[in-house]
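# Results of the structural survey
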Amino acid sequence: MNHFLDIHKTDAAALRGMIDNARSMKNARAGRPKGTPDAEQPLAGRMVALIFEKPSTRTRISFDVGIRQMGGQTMVLSGADMQLGHGETIADTARVLSRYVDLIMIRTFEEQTLLEMAEYADVPVINGLTNRTHPCQIMADVMTFEEHRGPIAGRKAVWCGDGNNVCASWLHAAGQFGFDMTFTGPPTLDPEEEFIGLARKKGANVVIERDPAKAVTGADVVIADTWVSMHDSQSSKERRHNQLRPYQVNEQLMSHAKPDALFMHCLPAHRDDEATSAVMDGPHSVIFDEAENRLHAQKAIVRWCLGV
Ligand code: CP
């Protein structure tokens with residue numbers, strides 16, 4: 001069963017194959033209206049359940065559009081409207097859904113929910129984000145980096161801010177794609193040791209540097225994300241803003257990176273908090289390419305899961 005649960009749990013050659021496939025599918029669609037089907041229809045006759053227990057714009061729409069382009073059908077489901085949100089077990093939900101659909105994508109809170117869904121489903125399961133990781137986003141981000149700057153292997157990525165679920169998947173990717181990762185942020189918001197350890201075990205040079213200017217020096221890509229994630233309490237907002245303000249990505253900070261460094265943000269952004277609009281809309285920014293590449297990267301992930 002080809003579940004796509006996390007980048008470090010997926011074979012590196014398979015990941016590389018997905019990125020290459022995503023690029024060729026993107027190129028094949030160049031200039032075509034968004035609503036037209038792909039020339040190839042590998043998902044014809046396939047039904048996909050897209051379950052959201054948290055809000056989403058990009059993940060919801062890019063999976064839905066991508067699956068339709070490949071000839072498949074989708075059901076976009078809110079966890080709260082399913083019996084899942086009213087006490088039915090994840091195991092029973094997984095077994096029932098497996099009788100109806102060919103693939104399940106779930107965005108949920110606890111990683112355990114995703115893992116149980118995968119354990120009990122008879123069909124592949126894709127991680128559309130948990131509190132701990134966001135692998136689909138980073139597949140799109142690796143694709144985006146390589147589109148602009150060539151192979152990511154051996155490059156320096158710098159994460160500025162909260163060591164959150166997106167940062168965790170960047171660390172997983174550092175191990176699997178062979179690039180180096182520097183984290184700069186306050187000590188209380190460091191990424192989990194487990195994620196750092198996994199990347200180092202795979203040979204990635206992972207550095208924790210509290211001085212943001214030093215951290216960004218020589219960076220090939222500088223990455224920011226929201227300072228308050230969906231699972232963080234709103235009561236922590238003021239404290240987090242105070243802690244994270246020194247790590248804002250602004251033009252001054254970007255000036256320490258390589259002249260051709262990219263700026264990335266998975267969106268949604270709180271403009272002028274974690275990154276200034278001048279950076280987000282400036283010459284280094286590829287944030288909307290990242291958003292577009294969610295579509296192409298996830299199409300490749302779905303095909304890999306289904307073996308089509
Ligand atoms: N980046 C991302 O996952 O966006 P959404 O929350 O809008 O899906």
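A few points on the structure.

How each quantity is defined
- The residue count restarts for each chain, going from 1 along the sequence in the order it is written.
- Where local features are concerned, this predicted model is filtered to residues with pLDDT of at least 70; where side-chain atom pairs are given and counted, the filter is 80 or more; whole-chain, interface and lining totals use all residues.
- Here the side-chain values reflect all heavy atoms present in the structure, with hydrogen atoms and water set aside.
- Whether a residue is near a molecule or strand depends on its heavy atoms: if one lies within 4 Å, it is near.
- For this analysis, a polar contact is any N or O atom pair within 3.5 Å, provided that within protein one partner can donate a hydrogen and the other can accept it, and provided that sequence-adjacent residues contribute only side-chain to side-chain pairs.
- Basically, the charged four are Asp, Glu, Lys and Arg, the nonpolar ten are Ala, Val, Leu, Ile, Met, Phe, Trp, Tyr, Cys and Pro, and anything else, Gly included, counts as polar.
- Helix axes use the C-alpha atoms of the stretch in contact, all axes being lines fitted to C-alpha atoms, and the angles between their N-to-C directions lie in the range 0 to 180 degrees.
- Numbered from the N terminus, helices here are DSSP runs of H or I no shorter than four residues, and strands are runs of E no shorter than two.
- Orientation labels follow simple angle bins: below 35 degrees gives roughly parallel, above 145 gives roughly antiparallel, 65 to 115 gives roughly perpendicular, and whatever is left gives oblique.
- Handedness of a crossing is defined here by the sense of rotation of the near helix relative to the far one, left-handed for an anticlockwise turn of less than a right angle and right-handed for a clockwise turn.
- Any pair of residues with heavy atoms lying within 4.5 Å of one another is described as a contacting pair.
- The classification of residues rests on relative accessible area computed with a 1.4 Å probe and restricted to protein chains. Under 20% of the type maximum is buried, over 50% is exposed, and intermediate values are partly exposed.
- This arc is taken over the directions from the axis of the helix to the C-beta atoms.

## A few points about the site of the ligand
- In the vicinity of the ligand, the contacting residues are S56, T57, R58, T59, R107, H134, Q137, C266, L267 and R294.
- Contacts to the ligand include T59, whose side-chain N or O atom sits 2.7 Å from an oxygen atom.
- Residue composition of the shell around the ligand, grouped by class: 2 nonpolar, 5 polar and 3 charged.

## Concerning the packing of helix α2 (residues 58-69) against helix α12 (residues 287-306)
- The geometry of α2 relative to α12 is characterised by a closest axis approach of 8 Å and an angle of 55 degrees between their N-to-C directions. By the angle class used here, α2 and α12 are oblique. Seen along the crossing, α2 lies across α12 with a hand that is right-handed. Contact residues: α2 offers R58, T59, S62, F63, V65, G66, I67 and Q69, while α12 offers A291, R294, L295, Q298, K299 and V302.
- Broken down by class, the residue content of the contact of α2 with α12 amounts to 6 nonpolar, 5 polar and 3 charged.

## Quick word on helix α7 (residues 193-201)
- Regarding α7, the residues found buried are F195, I196 and A199. Viewed end-on, α7 has its buried residues packed into an arc of 100 degrees, placing them on one side of the element. Those residues of α7 that are exposed and aimed more than 90 degrees away from the buried face are E193 and K201.
- Here the buried face of α7 lies against α6 (165-177) and β7 (206-208).
- Two residues or fewer past α7, G203 is found with a positive phi of approximately 105 degrees.

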